[in-house]
Amino acid sequence: MKKTRLLALLVAVVLSVPFYAESQSRPGDVDIFMGVELKYRDVFFNGRVFDFVVNLTPGVKWNMGHDWELGAQVLVPVINQFGNSYGDVRIGVASIAKQIGVGNRWRFKFSGGQFSYNRYGLDVKSMFIANKWLAFQGEVGLTGYCFFAFSDSWAASTPEKLTFLVGPQFWIAPWTTQINVRGGRYVYGDYGAEIEAMRHFKHTTVGLFASYSSQAKENAGFRITVMLPPYKSKRRKVNFRPASNFQIDYRNDGSPYSTRQYSTDPEQNARQGWFSRDINPWGPDTMAPDFIYTDGDDRKEKEDKK
């Protein structure tokens, strides 16, 4: 109860601070999208080299205006070699979020609802921009377990697990390279730290990372994020598109219970980070945008056709 009150007080204090924010998308826009999620692991006991899970990930986002956004995503199994719990059609993410830019240096994002890794609760993300090459990031969440499948299977626990991450970010503009260092307490209760170096190319980001966890000890791997076309399109009240990105991670130690952190956005990825590029741009936000939208007023188009 004390943790819940503390997090609620933090949200109330920050929401009372004046802020400035500007968004490229129009209030009221609805995006309906479809993506694919791929998971795999090394196995040797069942005659297969790898086990795979392939899920379709239909989702929706609603820009509610004033930097409020409602997002939801469903996981629809196509291939499942991980076990029965991965075979249900289930909710992946269903959350509401508010972003705030305070002055020219602070970014905040407040989220509540169902997150990935079957977590639900409250989450606060923040960033302090020190200068054009250095920033500090932080995240704190109070969550519980929640599994909801459309086959009437569900389970939940009290949201009392506290997770947090904190650390610096570095931006090396001449090489469009970003270095993240963060540590804290993760979803499954392990404590750890991670360092990641990412090179941003046009529509693609490639990263290498190394981590240490009280659960899996040393680990390392790579991460590739590809932003998917179309890169130019018209904005309408209702937009149908593919998911904005496809991301694949490889870890040398495939432990599912170490250095794992939930996502609060159905399209959250390493390239775009936590925040909208319109709110106090920093680092990769200063690069050319992956997606360019033009005004596609449906009523105007109908009048032109007449």
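Shown above is the structure to which this text applies.
Description of the structure in this document. Please read these numbers as outputs of a predicted model, since none were measured by experiment.

Re the overall build of the protein
Per the secondary structure count, the protein includes two helices and 19 strands. Considering the protein as a whole, with its 306 residues, one finds that 40% of them fall into the buried category. Pairs at least 24 apart in sequence give 53% of the contacts found in the protein among residues at least 6 apart. Of the accessible surface of the protein, which amounts to about 16,500 Å², a share of 62% is contributed by carbon and sulfur atoms.

Points about the packing of aromatic side chains
Each aromatic ring pair is described using two quantities: the centre-to-centre distance and the angle formed by the ring planes. Scanning all chains against the criterion turns up 11 aromatic pairs. Their ring planes at 85 degrees and their centres at 5.0 Å tell us that Y188 and Y257 sit as a pair that is edge-to-face. Of this pair, Y188 sits in the loop between β12 (177-185) and β13 (191-201) while Y257 is found in the loop between β18 (245-251) and β19 (292-295), placing the two residues 69 residues apart along the sequence. When its relative accessible area of 48% is taken as the criterion, Y257 is described as partly exposed. Put simply, the rings of W106, F108, F110 and F128 touch in pairs and so form one group of aromatic residues. Stacked on the ring of W274, the Lys or Arg K125 has its end atom at 5.8 Å from the ring centre. Across from the ring centre of Y293, 4.6 Å away, lies the NZ or CZ of R235, which sits over that ring.

Concerning empty space enclosed by the protein
The full count for this structure, using the stated rule, is one cavity of 30 Å³ or more. Lining the largest cavity are K61, E69, L70, G71, S95, A97, K109, T264, D265 and P266. The set of elements that each furnish at least two residues to the lining of the largest cavity consists of β5 (68-80) and β6 (90-102). Of the residues that constitute the lining of the largest cavity, the class distribution is three nonpolar, three polar and four charged.

As for the side chain of R90
Positionally, R90 belongs in strand β6. Although R90 lies buried, it forms no salt bridge, and the closest oppositely charged side chain, E37, sits 5.4 Å away as judged by the N-O distance. Side-chain polar atoms of R90 contact the backbone oxygen of D88, separated by 2.9 Å. For R90, the contacting residues outside a window of four places in its chain are N55, V74, L75, P77, S85, F147, F148, A149 and F150.

Thoughts on the pattern of salt bridges
Taken as a whole, this structure holds 16 salt bridges when the rule is applied. Across the salt bridge formed by D31 and R241, the nearest N and O atoms sit 3.1 Å from each other. Highlighted residues: D31 in strand β1 (residues 30-34) and R241 in strand β17 (residues 238-242), separated in sequence by 210 residues. This pair shows no difference in class: D31 is buried, exactly as R241 is. We note a salt bridge from E267 to K61, for which the minimum N-O separation is 3.0 Å. Taken together, the residues span a long stretch of sequence, with E267 in the loop between β18 and β19 and K61 in strand β4 (residues 59-65) at a distance of 206 residues. We classify E267 as buried; its relative accessible area is 6%.

Calculation rules
- Residues numbered from 1 in each chain as written.
- Predicted model: local features only at pLDDT ≥ 70, side-chain atom pairs only at ≥ 80, totals over all residues.
- Heavy atoms only, no water.
- Helix = DSSP H or I, 4+ residues; strand = E, 2+ residues; numbered from the N terminus.
- Buried < 20%, exposed > 50% of the residue type's maximum accessible area, 1.4 Å probe, protein only.
- Contact = heavy atoms within 4.5 Å.
- Areas by Shrake-Rupley, 256 points an atom, 1.4 Å probe, with all protein chains shown as cover.
- Phe/Tyr/Trp six-rings, centres within 6.5 Å; stacked < 30°, edge-to-face > 60°.
- Lys NZ or Arg CZ within 6 Å of the ring centre and 35° of its normal.
- 1 Å grid on protein atoms, 1.4 Å probe; cavity = no way out; pocket = protein on both sides within 12 Å on 5 of 7 lines; lining within 4 Å.
- Points joined across faces, edges and corners; volume = space filled by probe spheres on them.
- Nonpolar A, V, L, I, M, F, W, Y, C, P; charged D, E, K, R; others polar.
- Lys, Arg positive; Asp, Glu negative; His and termini not counted.
- Salt bridge = Lys/Arg side-chain N within 4 Å of Asp/Glu carboxyl O.
- Polar contact = N/O pair within 3.5 Å; in protein donor to acceptor, adjacent residues only side chain to side chain.

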